[in-house]
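# Coordinates in review
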Amino acid sequence: MDLKQIKQIIELMKRSDLSEFAFEEDGLKIKICRGANGLPVVSSTPAPVYIPAQQAPSAPAAPIPVPVPAASGDETGVTYIKSPMVGTFYRSASPESKPFAEAGTKVTATSVVCIIEAMKIMNEIQAETQGAIIEALVENGQPVEYGQKLFKVKIN
Amino acid sequence: MIQKVLIANRGEIALRIVRACRELGIKTLAVYSEADVQSLHVQLADEAICIGGPKSADSYLRADRIMSAAEIADVDAIHPGYGFLSENAKFAEQCESCNIKFIGPKSKSIKIMGDKAIAKDTVKKAGVPTVPGSDGPIESDAQAVKIARTIGYPVIIKAVAGGGGRGMRIAHNDVSLAKEFFVAKNEAEKAFGNGALYLEKYIERPRHIEFQILGDKFGKIIHLGERDCSVQRRHQKLIEESPSPFLTPDLRKKMGKAAIRAAEAAEYENAGTIEFLVDAKGNFYFIEMNTRIQVEHPVTEEVTGIDLVKQQIKIANGEKLEFDQSDITFTRHAIECRINAEDPARNFAPSPGTIGLYYAPGGLGVRVDSHAYSGYTIPPHYDSMIGKLICSGKTRKEALERTYRALSEYLVRGIKTTIPLHKAIMADPVFIEGKATTAYMEDFLSRTTPDLFS
């Protein structure tokens, strides 16, 4: 499903009485509902918010990010570690070292979970929460933006 | 060859830059705050990176995050728009050292013109008339009084690090001058982090007339005529027009030449504006230079037919200016109204919120530069301007009538805007006769009942 198709579905919804549309395929789940003011609201998981040029050299223009509204509410006891800066995400201190955090790793507020490189400076990112890592949401070497979800954490 | 531009701004100017880049076949990267996720330019740009929280200090002013985004997205150039980091010499320097083209002047020129006292001194040496006053910062209230007695009251105290109409105080005698000196110093410290002040003769009821200049990297500088921005409220421009109803061809020529001399003195490249005050007798004085593209640039575009943002990109790309001064012609009259989300009937109280129905006017000679759309929620964290209406015609009369007609069609439901105010001004005899000076708005508001604006 690409952005053009999503836009077409939104148009169809606007012109009809349809109040909800859900679609699931290959790890992409998308749900479009009529919002409070009658305009369609799109939620999707997971949403790669930024696709760098080097990962899609022959692809057409990178998809425009679709804003993701608040979580649907079936995520009690779970929190996300979000990026406090813009840069490149690395799971370990160096290509040879073990990743800082993997599924199951226990973390406290000051545990280092990853490195984000910004302007040649390696910044250690702390968990700022207490619990256990459920999964990493970005790949090693992937560019990340401010506020991007990096890890899903089960809170103690 | 510039292939990808990072737009370090938001709102209507960011949209303007996306449009110019699209037409030049250049890719765009929008950097945005969490409050601007739904912004039109973010949706239209080829790529987008979130750089921080809603507050400007946490996003659009974060040079580090912007440079980081430029790095990971591999951009060739950054367009800073207006406001934010556009006149931040340090940011321009950072771009220069990272080998990313800053679409604007050299950091050196920004530095020279950024300090208002140095700017004045620099252009004075180039033979540009300046307002009589202190030659540089004033050290004490006693010195201020001494200078004021020489140049004559009334005088105006200005912040060296100020600009854009901020940090200015008027005094009519020794006592008020001594008092205002300290008030202004404190205000400047707080607002600009620099309490240095300079003094100027206060020119009464002047017209604010500015000249648009373009300079390439090869030293060629031309001007594209003037914009009369006398209709201001609290030093914020509301309406701009070109040509100025006051200038004679002779005065235009003189001021145009002076504007070019001022830009040359700053070794200027790219787009910039020289601001002058003009008194009733036609004496003109340099007040400051804006080293960026301005809000009101479309007025000049409509009159000359030249796309200024595209010119900015071409100049940054190292291309020679494709025009000579003799190629610049002024074939139309254009008027711009800044549409703000404010309630003119309630003393311009801000009116944030969600726009319900939005319908922009159209037709020959009607241009709307706006990022607003039906359903758009105006974030409360930034300025209140939601768009600009620029109407042009063969004559000033036609432009005025067209502006009135377009404003009548312009619908922005759900919030209050200054559209009714602009309509009232278009129908006001003083404005129609081209007699507006910078004293106009205060006078107009004092003789108009607020319910004219509902």
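Residues numbered from 1 in each chain as written. Chains lettered and ligands numbered in written order. Predicted model: local features only at pLDDT ≥ 70, side-chain atom pairs only at ≥ 80, totals over all residues.

Moving on to the overall build of chain B. Counting secondary structure elements, chain B contains 15 helices and 22 strands. Counting all 454 residues of chain B, 54% fall into the buried class. In chain B, the share of contacts with a sequence separation of at least 24, taken over all contacts with a separation of at least 6, comes to 65%. (Helix = DSSP H or I, 4+ residues; strand = E, 2+ residues; numbered from the N terminus. Buried ≥ 20, exposed ≤ 12 C-beta atoms within 10 Å, placed from the backbone. Contact = placed C-beta atoms within 7 Å.)

Note that predicted coordinates carrying low pLDDT should not be read in detail. Counting all residues, the mean pLDDT for chain B is 95, and 99% of those residues have values of 70 or more. Interface confidence in the predicted complex, given as ipTM, is 0.77; pTM for the same model is 0.82. (pLDDT = per-residue confidence, 0-100.)

So, about the pairing of strand β21 (residues 385-393) of chain B. Residues and elements named next belong to chain B. For β21, the buried fraction is high: 8 of the 9 residues fall into the buried class. Here strand β14 (residues 333-340) runs beside β21; their pairing, made up of 8 bridges, is antiparallel. From the neighbouring strand, glutamate 336 faces β21, where its bridge partner is isoleucine 390. Note that strand β19 (residues 366-370) and β21 share 5 bridges and pair antiparallel. Residue aspartate 369 lies in a different strand from β21, and its bridge partner there is lysine 388. (Pairing = 2+ DSSP bridges.)

In this section: the domain arrangement of chain B. Many descriptions give the size of an interface as the accessible area lost when the pieces come together. Taken domain by domain, chain B consists of domain 1 (4-103), domain 2 (132-201) and domain 3 (207-453). Computed from C-alpha atoms alone, the centre-to-centre distance between domain 1 of chain B and domain 2 of chain B is 36 Å. (Domains from an automatic or database assignment.)

Bringing helix α6 (residues 116-125) of chain B into the picture now. Of the positions making up α6 of chain B, those classed as buried are Lys116, Ala117, Ala119, Lys120 and Val123 of chain B. Buried positions in α6 of chain B, seen along its axis, are confined to an arc of 160 degrees and lie on one side of it. (Arc of directions from axis to C-beta.)

What follows deals with helix α12 (residues 396-409) of chain B. Residues and elements named next belong to chain B. The end-to-end C-alpha distance of α12, which contains 14 residues, comes to 20 Å, matching closely the 20 Å that a straight helix rising 1.5 Å per residue would cover. Among the residues of α12, Ala399, Leu400, Arg402, Thr403, Ala406 and Leu407 are the ones counted as buried. Along the axis of α12, the buried residues cluster in a sector spanning 165 degrees; they form a single face. Exposed positions of α12 whose direction lies more than 90 degrees from the buried face are Lys397, Ser408 and Glu409. (Expected span 1.5 Å × (residues − 1).)

Moving on, we come to the packing of α12 of chain B against helix α13 (residues 419-426) of chain B. A pair of packed helices is captured by two measures, namely the crossing angle of their axes and the spacing between those axes. Residues and elements named next belong to chain B. It is at 9 Å that the axes of α12 and α13 come closest, and there the two elements cross at 150 degrees. As far as their axial angle goes, α13 and α12 are roughly antiparallel. Relative to α13, the crossing made by α12 is left-handed. Within the contact between the two elements, α12 uses Leu400, Thr403, Tyr404, Leu407 and Ser408 and α13 uses Ile419, His422, Lys423 and Met426. (Axes fitted to C-alpha atoms, helices over the stretch in contact; angles between N-to-C directions. Parallel < 35°, antiparallel > 145°, perpendicular 65-115°, else oblique. Left-handed = near helix turned anticlockwise from the far one by under 90°.)

Residue and element names in this part refer to chain B. In this structure, aspartate 327 sits in the loop between α11 (308-316) and β14. A tally of 11 C-beta atoms within 10 Å means that aspartate 327 is categorised as exposed. Linking aspartate 327 and leucine 421, residues 94 residues apart in sequence, is a C-alpha distance of 37 Å.

Residue and element names in this part refer to chain B. Mapped onto the elements of the fold, arginine 292 is located in the loop between β13 (284-290) and α10 (297-304). Separated by 189 residues in sequence, arginine 292 and isoleucine 103 place their C-alpha atoms 9.0 Å apart. In contact with arginine 292, not counting residues within four places along its chain, are Pro80, Tyr82, Ser86, Glu87 and Gly104.

What follows concerns the sheet that holds strand β7 (residues 112-118) of chain A. Residue and element names in this part refer to chain A. Reading across the sheet, the 4 strands line up as β8-β7-β5-β10 and stay open at both edges, with antiparallel pairing between neighbours. At either margin of the open sheet sits one strand with a lone partner, and together these are β8 (121-126) and β10 (143-144). Where strand β5 (residues 87-90) meets β7, 3 bridges bridge the pair, whose relative direction is antiparallel. For phenylalanine 89, the partnering residue across the bridge sits in β7 and is isoleucine 116.

This part takes up unusual backbone geometry. With glycine set apart, most residues show a phi of negative sign, and most peptide bonds adopt trans. All names here are of chain B. Residue proline 154 is bonded to the preceding tyrosine 153 through a cis peptide linkage, with omega at 0 degrees. Omega for the bond connecting serine 242 with proline 243 falls within 30 degrees of zero, at -5 degrees, which places this linkage in the cis form. Although it is not a glycine, arginine 234 adopts a positive phi angle of roughly 55 degrees. Structurally, arginine 234 can be placed in the loop between β10 (221-233) and β11 (236-242). In this structure, asparagine 270 takes a positive phi of about 80 degrees despite not being glycine. With respect to the helices, strands and loops of the structure, asparagine 270 is situated in strand β12 (residues 270-278). Asparagine 270 gets classed as buried once you count the C-beta atoms within 10 Å, which come to 25.

Now for the sheet that holds strand β3 (residues 47-52) of chain B. With parallel pairing, 5 strands are arranged side by side in an open sheet as β3-β2-β1-β4-β5 (chain B). Of all the strands in the sheet, just β3 and β5 (101-102) of chain B have a single pairing partner and so form its edges.

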